[in-house]
Amino acid sequence: MTEKEKMVKGLPYNPYDKELRKARTRSRQILRTISEIPEDKERQRKHFFKELFAETGQKFFIENPFICDYGSNIFWGENAYANFGCIILDAAPVRIGKNVMLAPAVKIFTATHPVEYEARNSGIEFAKEIRIGDNVWIGGGAIINPGVTIGNNSVIGSGSVVTRDIPENVVAAGNPCRIIREITN
């Protein structure tokens, strides 16, 4: 199994592997190109995001600056939006549903490290998939940690640190993020 295959499957992998370094360089080159495209050339920007990501909807918008590790593990839903300063560390898949709104400075991290220092110092890391359901709104400065799933129609408050799964149809906030209330009509 290659280091990339291990990484995507959530197994311990070597991030210094030549293939992974090359993939990160490719991502940074595409992101640099996107950042240099004038705002009135949205069609051109979308073309490069479609090249970068594993999958996108037809209609979506991502503000600059946007940063990611690989891009190839990001599945970006129809009509999903990211405001300024979004960072996604996509060592494992990041699945963003349709009609998702990411406020400024949202950070989504799949990459993680061993807790035991000797293992951590070896440089080996692993990653856990993140899933964000349809119609989710994530407030400014929120951090989504490895392995988290956020259910459809939920709202994550600004500045929250999401360390556990959040069910559908709730407002959740805080550090650590907790359910505040259900969303009802």
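Preceding block: the structure.
This is a predicted model, so every value here is computed, not measured.

Details of the sheet that holds strand S13 (residues 137-138)
On the basis of which strands lie adjacent, the open sheet formed by seven strands has the order S2-S5-S8-S13-S16-S18-S19 and mixed pairing. At either margin of the open sheet sits one strand with a lone partner, and together these are strand S2 (61-62) and strand S19 (178-182).

Some remarks on the packing of aromatic side chains
According to the stated counting rule, one finds seven aromatic pairs in the structure shown. Taken together, the ring pairs in this structure connect Phe49, Phe53, Phe60, Phe66 and Trp76 into an aromatic cluster. The ring of Phe60 carries the charged tip of Lys46 above its face, separated from the ring centre by 5.4 Å. Between Arg95 and the ring centre of Phe75, over which it is positioned, the NZ or CZ distance is 4.2 Å.

Examining the packing of helix H2 (residues 18-36) against helix H3 (residues 42-52)
The geometry of H2 relative to H3 is characterised by a closest axis approach of 9 Å and an angle of 170 degrees between their N-to-C directions. Classified by the interaxial angle, the pair formed by H2 and H3 is roughly antiparallel. Within the contact between the two elements, H2 uses Arg26, Ser27, Ile30, Leu31, Thr33 and Ile34 and H3 uses Arg45, Phe48, Phe49, Glu51 and Leu52. The residue makeup of the contact of H2 with H3, split by class, is six nonpolar, two polar and three charged.

Digging into the environment of Leu20
Mapped onto the elements, Leu20 comes out in helix H2. Overall, Leu20 belongs to the buried group, its relative accessible area being 1%. Between the C-alpha atom of Leu20 and that of Asn135, which follows or precedes it by 115 residues, the distance is 32 Å. Not counting the four nearest positions on each side in its chain, Leu20 is found in contact with Glu3, Lys4, Met7, Tyr13, Asn14, Pro15 and Tyr70.

Some words on H2
End to end, H2 covers 27 Å across 19 residues, agreeing with the expected 27 Å (1.5 Å per residue, within 8%). All buried positions along H2 are accounted for by Leu20, Arg24, Ser27, Ile30, Leu31 and Ile34. Each buried residue of H2 sits inside an arc of 125 degrees when the element is viewed along its axis, so together they form one side. The outward face of H2, more than 90 degrees from its buried face, is lined by the exposed residues Lys18, Lys22 and Glu36. Buried positions along H2 lie against helix H1 (3-8), H3 and strand S3 (66-68). The N-cap of H2, judged by a side-chain oxygen 3.1 Å from the amide nitrogen of Glu19 a few residues on, is Asp17.

What about the side chain of Asn83?
Relative to the assigned elements, Asn83 resides in the loop between strand S5 (81-82) and strand S6 (86-89). Polar contacts involving the side chain of Asn83 include one to the side chain of Tyr81, which spans 3.4 Å. Each residue touching Asn83, except ones within four places of it in the same chain, is listed here: Glu63, Leu102, Ala103 and Pro104.

Calculation rules
- Residues numbered from 1 in each chain as written.
- Predicted model: local features only at pLDDT ≥ 70, side-chain atom pairs only at ≥ 80, totals over all residues.
- Heavy atoms only, no water.
- Pairing = 2+ DSSP bridges.
- Helix = DSSP H or I, 4+ residues; strand = E, 2+ residues; numbered from the N terminus.
- Phe/Tyr/Trp six-rings, centres within 6.5 Å; stacked < 30°, edge-to-face > 60°.
- Lys NZ or Arg CZ within 6 Å of the ring centre and 35° of its normal.
- Axes fitted to C-alpha atoms, helices over the stretch in contact; angles between N-to-C directions.
- Parallel < 35°, antiparallel > 145°, perpendicular 65-115°, else oblique.
- Contact = heavy atoms within 4.5 Å.
- Nonpolar A, V, L, I, M, F, W, Y, C, P; charged D, E, K, R; others polar.
- Buried < 20%, exposed > 50% of the residue type's maximum accessible area, 1.4 Å probe, protein only.
- Expected span 1.5 Å × (residues − 1).
- Arc of directions from axis to C-beta.
- Polar contact = N/O pair within 3.5 Å; in protein donor to acceptor, adjacent residues only side chain to side chain.

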